[in-house]
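Commentary on secondary and tertiary structure
The primary structure of each chain is shown beneath.
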Amino acid sequence: MRPRPVSVSVGGMPIRTASASWQGNLTEGSGTVRTGKGGIQGNYSFKSRFEEGEGTNPEELIGAAHAGCFSMALSKQLADAGATDTSVDTTATVHFDKTDAGMSVTRIDLETVGQVPGMDGAQFTKLAEAAKENCPISRLLAPGAQITLNASLAS
């Protein structure tokens, strides 16, 4: 196994790393993915990616990254508007489809529910839309994938 790269600060922000290893051919092989600091590690395979097999896959990891980034961006939007959230829970559903260009992430549906005392639904939706537009992962993915959002306040 190759040594993990060291994170280096550029302009005050650390560079993030992740790695993957794969053994065997495409359909019968298997692999492991891990984040640089060891926070997430998982097994993946052809079956976990293209069927319903055990393990994770790159698309789930993209979904997790997007849900996490969006939730933090929405929390910032809420704070900038003078509101304090109790929680922001987001699910990202990643659509992985066969296209003329090959297999592609074509759409990500974000579904978020916030607990924000004193906020009305219209204001929450407006701030959630702004978070979707400004989240770094949304900006990364938007040129190639449609991103939808369903935002609501917890009842």
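This text follows the structure it describes.
Anyway, here's the lowdown on the structure attached to this text. Nothing here was measured: the structure is a model prediction, and the numbers come from that model. (Residues numbered from 1 in each chain as written. Predicted model: local features only at pLDDT ≥ 70, side-chain atom pairs only at ≥ 80, totals over all residues. Heavy atoms only, no water.)

It is worth spelling out the overall build of the protein chain at this point. A count of helical and extended segments in the protein chain gives 4 helices and 8 strands. Starting at the N terminus and ending at the C terminus, the protein chain contains elements arranged as β-β-β-β-β-α-α-β-β-α-α-β. With the C-alpha coordinates aligned to their principal axes, the bounding extent of the protein chain is approximately 55 × 35 × 30 Å. A burial count over the protein chain gives 30% of its 155 residues as buried. Residue pairs at least 24 apart in sequence account for 47% of intrachain contacts in the protein chain once pairs closer than 6 positions are excluded. Summing over all exposed atoms, the protein chain offers an accessible surface of approximately 9800 Å²; the carbon and sulfur share of this is 53%. One way to put it: in the protein chain the 13 positive side-chain charges average out to a point 11 Å from where the 16 negative ones average out. (Helix = DSSP H or I, 4+ residues; strand = E, 2+ residues; numbered from the N terminus. Buried < 20%, exposed > 50% of the residue type's maximum accessible area, 1.4 Å probe, protein only. Contact = heavy atoms within 4.5 Å. Areas by Shrake-Rupley, 256 points an atom, 1.4 Å probe, with all protein chains shown as cover. Lys, Arg positive; Asp, Glu negative; His and termini not counted. Charge placed at Lys NZ, Arg CZ, Asp CG, Glu CD.)

This part is about the nonpolar core. Counting residues in each nonpolar core, the largest one holds 22 residues, and the members touching the most others are F70, L74, L78, L110, M119 and F124. Where this core is concerned, the elements lending two or more residues are α2 (58-80), β6 (87-99), β7 (102-115), α3 (121-134) and β8 (146-153). Ignoring sequence-local partners within four residues, the contact set of F70 consists of T90, L110, T112, A128, A131, K132, C135 and L149. (Core = buried A, V, L, I, M, F, W, Y, C linked by side-chain atoms within 4.5 Å.)

A few words on the packing of aromatic side chains. Tallied over the full model, the rule gives 3 aromatic pairs. Centre to centre, the rings of F46 and F50 are 4.8 Å apart; their planes meet at 40 degrees, and the pair counts as tilted. One end of the pair is F46 and the other is F50, both in helix α1 (residues 46-50) and 4 residues apart, which spans about a single turn. Classification of F50 by relative accessible area gives partly exposed; the value is 36%. Each ring, one from F50 and one from F96, has its centre 5.9 Å from the other, and the planes form 35 degrees; the classification is tilted. Placement of F50 in helix α1 and of F96 in strand β6 is noted, with a sequence separation of 46 residues between them. A connected cluster of aromatic rings, assembled from ring pairs, spans F46, F50 and F96. (Phe/Tyr/Trp six-rings, centres within 6.5 Å; stacked < 30°, edge-to-face > 60°.)

Attention shifts here to the sheet that holds β6. Overall, mixed pairing links the 3 strands, which are arranged β6-β7-β8 in an open sheet. The sheet terminates laterally at β6 and β8, the two strands that pair on one side only. Pairwise comparison of adjacent strand axes, ignoring direction, gives a mean angle of 15 degrees for this sheet. By the bridge criterion, 8 bridges tie β7 to β8 in an arrangement that is parallel. Note on β8: the bridge partner recorded for G114 is L153. Packing of α2 onto the sheet brings it into contact with β6, β7 and β8, and relative to β6 it is tilted by some 140 degrees. (Pairing = 2+ DSSP bridges. Axes fitted to C-alpha atoms, helices over the stretch in contact; angles between N-to-C directions.)

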